[in-house]
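Structure assessment
If you want the building blocks of each chain, they are given just below.
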Amino acid sequence: MSNRYHATPYDISATGFYFDTFEQYQTRAAEYRNEYGDLVEEYEIQFVDGDYRLFDAIGVNQVNLKDWFERFEYMDDDEAVKLIILIE
């Protein structure tokens, strides 16, 4: 089962979008526009569905989102708990 995320724009004239993979995020973010037709550039990345503890401990954002998907999203529970303890 994959996790579910939401990209919430800091631009109040835009609505956000849901995504499940980094590729979905990249595709949608590259063409997402606010109500004035301007490209939306900054998002808060929110964890919507799944186990969020490691996500929160790492402090996932736009800058490290690719690392999250490549290195951490599918960590097993034992590895995730160890990493959370190290971070905190």
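Residues numbered from 1 in each chain as written. Predicted model: local features only at pLDDT ≥ 70, side-chain atom pairs only at ≥ 80, totals over all residues. Heavy atoms only, no water.

Comments concerning the overall build of the protein chain
Counting its regular elements, the protein chain contains four helices and three strands. Along its sequence from the N terminus, the protein chain presents helices and strands in the succession β-β-α-β-α-α-α. Expressed as lengths along the three principal axes of its C-alpha atoms, the size of the protein chain is roughly 45 × 25 × 20 Å. Taken across its 88 residues, the protein chain has 35% of its residues classed as buried. Contacts in the protein chain between residues at least 24 apart in sequence constitute 46% of all its contacts with a sequence separation of at least 6. A total accessible area of about 6,000 Å² is found for the protein chain, and carbon and sulfur atoms account for 47% of it. (Helix = DSSP H or I, 4+ residues; strand = E, 2+ residues; numbered from the N terminus. Buried < 20%, exposed > 50% of the residue type's maximum accessible area, 1.4 Å probe, protein only. Contact = heavy atoms within 4.5 Å. Areas by Shrake-Rupley, 256 points an atom, 1.4 Å probe, with all protein chains shown as cover.)

Some details on the sheet that holds strand E1 (residues 4-9)
Spatially, E2-E1-E3 is the arrangement adopted by the three strands of the open sheet, whose pairing is antiparallel. The open sheet has two free edges, formed respectively by strand E2 (17-19) and strand E3 (43-49), since each of these has just one partner strand. Here the average twist between neighbouring strands, direction ignored, is 30°. In terms of strand pairing, E1 meets E2 through three bridges, oriented antiparallel. Among the inter-strand pairings, Tyr-5 is bridged to a residue of E2, identified as Phe-19. (Pairing = 2+ DSSP bridges. Axes fitted to C-alpha atoms, helices over the stretch in contact; angles between N-to-C directions.)

A closer look at a negative patch on the surface
On the surface, Asp-76, Asp-77, Asp-78 and Glu-79 cluster together to form a negatively charged patch. Within the secondary structure layout, Asp-78 lies in helix H4 (residues 77-87). (Patch = residues over 30% accessible without salt bridge, like charges linked within 9 Å, V, L, I, M, F, W, Y side chains within 5 Å. Salt bridge = Lys/Arg side-chain N within 4 Å of Asp/Glu carboxyl O. Lys, Arg positive; Asp, Glu negative; His and termini not counted. Charge placed at Lys NZ, Arg CZ, Asp CG, Glu CD.)

What to know about the environment of Ala-29
With respect to the helices and strands, Ala-29 occurs in helix H1 (residues 22-31). Between the C-alpha atoms of Ala-29 and Glu-42, which are 13 residues apart in sequence, the distance is 9.1 Å. Look past the residues within four positions of Ala-29 in its chain and what remains in contact with it is Phe-17, Leu-39, Val-40 and Tyr-43.

Considering the packing of aromatic side chains
Throughout the structure, instances matching the rule amount to 15 aromatic pairs. With a centroid separation of 6.4 Å and 50° between ring planes, the pair formed by Phe-19 and Phe-69 is classed as tilted. Highlighted residues: Phe-19 in strand E2 and Phe-69 in helix H3 (residues 65-72), separated in sequence by 50 residues. Assigned by exposure class, Phe-19 and Phe-69 land together as buried. Ring plane angle 85° and centroid distance 5.3 Å describe the contact between Phe-55 and Trp-68, whose orientation is recorded as edge-to-face. Placement of Phe-55 in helix H2 (residues 53-58) and of Trp-68 in helix H3 is noted, with a sequence separation of 13 residues between them. Each member of the pair, Phe-55 as well as Trp-68, is classed as buried. Among the aromatic residues, those joined into a cluster by ring pairs are Tyr-5, Phe-17, Phe-19, Phe-22, Tyr-25, Tyr-32, Tyr-43, Phe-47, Phe-55, Trp-68 and Phe-69. (Phe/Tyr/Trp six-rings, centres within 6.5 Å; stacked < 30°, edge-to-face > 60°.)

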